[in-house]
Amino acid sequence: MPELPEVEVVRRGLDRWVTGRTVASAEVLHPRAVRRHEEGPADFAGRLAGRVVAQPRRRGKYMWLPLLPEGAADGRADGAAAESTESTEPAEPTKPAEPVEPTEALLAHLGMSGQLLVGEPDRERHKHLRVRLTFSDGGPDLRFVDQRTFGHLLVADLVPSKVGDRVPAPVAHIAADPLEEAFDEEAFFAALKRRRTGIKRALLDQSLISGVGNIYADEALWRSRLHWARPTETMTRAEASRVLEAAREVMSAALGVGGTSFDAMYVNVNGESGYFERSLEAYGRRDEPCTRCGTPIRRDEFMNRSSYSCPKCQPRPRRARY
DNA sequence: ATGAGGACCTGCTCGC
DNA sequence: TGCGAGCAGGTCCTCA
């Protein structure tokens, strides 16, 4: 279940394996994977062929590969893409070119089960392979594999975002994530006071704060001792800061774990952080003792999914909001 | 505009 | 052994 840390690990893997390379072809094996590309699969593939991939970017759970015109310089000073493996030596001549500002990007959202895998072009095709990109150097290809098809890829124009940078159009309304420098804590707190909803719903609202999913929301709330149905308008500035800091902590920890196995990610740029197996304090621990107080963790239904919390550390507010 | 709930999707697990 | 129910949840869509 990729949330921000897992997506960031994938982004780093993509930076290592595809930045600076030229797309030869894009093959859409399941139209649903590109359903948000309004002009359809053929246009999607057409826009990718021949483009040079610039350094991958990310905001929250979205990531994107800026696309440069064919033959453009990739913006890398060290030509690191060429050292990925012997078979990925770029075929293009390395003549200097004017830096070009990308106007489009390949945008990816992994959804629930999406993976971006880099590997030898002739390896076996996974059952849930949805999209495949090949590169002009004949080196490792890039595969979008997604069992549940909640994820998607599309090519979009880069437009100004509410954060102030240029991002793919579908990301323009997304707030910065709490690990970004640009994250506006004052604006987040003001939004909490304005909203008439519960804190967990607010944490999952990507227009207020991006990158937080169900798992890290529960973990951040457990750490900050806040109940998920706490009305946001009653929260103090200190409580808001607490839950933000907790979110940063859990996501940074997960990123740290995911990052440690990063060097071995040649064929497995897949967003598995390994974090879930060890460090979760609330999520998925129904009836297990709270590691702070020993009270059994409870599971509530919320938004058609689960919320885990400690009944003692996170008492339900008298006025709950969902 | 805002808040709340459902739809989408497939594989796995559980109970009968 | 078979099979249906339940569960997993990010985002978009609809409705009040």
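Residues numbered from 1 in each chain as written. Chains lettered and ligands numbered in written order. Predicted model: local features only at pLDDT ≥ 70, side-chain atom pairs only at ≥ 80, totals over all residues. Heavy atoms only, no water.

Turning our eyes to something else, we now look at the overall build of chain A. Along chain A, the regular secondary structure elements total seven helices and twelve strands. Looking at chain A alone, contacts between residues at least 24 apart form 68% of all its contacts between residues at least 6 apart. In the form shown here, chain A has an accessible surface area of approximately 14500 Å², with 48% of it arising from carbon and sulfur atoms. (Helix = DSSP H or I, 4+ residues; strand = E, 2+ residues; numbered from the N terminus. Contact = heavy atoms within 4.5 Å. Areas by Shrake-Rupley, 256 points an atom, 1.4 Å probe, with all protein chains shown as cover.)

Taken together, 17 residues are adjacent to DNA strand C, and His109, Arg148, Phe150, Tyr283 and Arg305 come closest. Close to the protein, within 4 Å, the atoms of DNA strand C are drawn from sugar and phosphate at a rate of 63%. Here Ser306 contributes a side-chain N or O atom positioned 3.0 Å from a phosphate oxygen of DNA strand C. In the environment of DNA strand C, a phosphate oxygen lies 3.4 Å from a nitrogen or oxygen atom belonging to the side chain of Tyr308. No other element matches the three residues that strand 12 (residues 305-309) contributes to the surface near DNA strand C. By residue class, the composition of the surface near DNA strand C is six nonpolar, five polar and six charged. (Near = heavy atom within 4 Å. Polar contact = N/O pair within 3.5 Å; in protein donor to acceptor, adjacent residues only side chain to side chain. Nonpolar A, V, L, I, M, F, W, Y, C, P; charged D, E, K, R; others polar.)

Another aspect to go through is the protein's contact with DNA strand B. Near DNA strand B lie 13 residues; those nearest to it are His128, Phe150, Arg195, Arg196 and Thr197. Between Gln147 and DNA strand B, the recorded distance is 3.1 Å, taken from a side-chain N or O atom to a sugar or linking oxygen. Side-chain polar atom of Arg195 to a phosphate oxygen of DNA strand B: 3.1 Å apart, as the coordinates give it. Partitioned by chemical class, the residues of the surface near DNA strand B number two nonpolar, five polar and six charged.

With the rule as written, the count across this model stands at 30 salt bridges. A salt bridge links Asp137 to Arg21, with the nearest nitrogen and oxygen atoms 2.7 Å apart. You can see Asp137 sitting in the loop between strand 7 (129-135) and strand 8 (141-146) and its partner Arg21 sitting in the loop between helix 1 (4-18) and strand 1 (23-28), a full 116 residues away along the chain. Look at Arg21 and you get buried, because its relative accessible area is 2%. A salt bridge links Glu180 to Arg59; the nearest nitrogen and oxygen atoms lie 2.8 Å apart. Within this pair, whereas Glu180 is found in the loop between strand 10 (166-168) and helix 3 (185-194), its partner Arg59 is found in strand 3 (residues 57-59), the two being separated by 121 residues in sequence. (Salt bridge = Lys/Arg side-chain N within 4 Å of Asp/Glu carboxyl O. Buried < 20%, exposed > 50% of the residue type's maximum accessible area, 1.4 Å probe, protein only.)

As enumerated under the stated definition, the model contains one cavity of 30 Å³ or more in all. Here the largest cavity is characterised by a volume of approximately 90 Å³. What lines the largest cavity is a set of 13 residues, among which Leu65, Leu106, Leu116, Leu142 and Leu153 lie closest to the centre. Taken together, the elements giving at least two residues each to the lining of the largest cavity come down to strand 4 (62-68), strand 5 (104-109), strand 7 and strand 8. Of the residues that constitute the lining of the largest cavity, the class distribution is twelve nonpolar, no polar and one charged. (1 Å grid on protein atoms, 1.4 Å probe; cavity = no way out; pocket = protein on both sides within 12 Å on 5 of 7 lines; lining within 4 Å. Points joined across faces, edges and corners; volume = space filled by probe spheres on them.)

Mapped onto this numbering, the UniProt entry gives "active site" (unreviewed entry) at Pro2, Glu3, Lys61 and Arg305. Here, the largest pocket is lined by Pro2, Glu3, Lys61 and Arg305 out of the annotated residues. When you line up the elements, Glu3 lands in the segment before helix 1. What makes Glu3 buried here is its relative accessible area of 4%. Within the secondary structure, Lys61 is located in the loop between strand 3 and strand 4. Since its relative accessible area comes to 14%, Lys61 is described here as buried. For Lys61, the residues in contact, after removing those within four places along its chain, are Pro2, Glu3, Leu4, Val7, Ala108, His109, Gln206, Gly211, Val212 and Gly213. (UniProt positions renumbered as here; feature names shortened; annotations may be inferred.)

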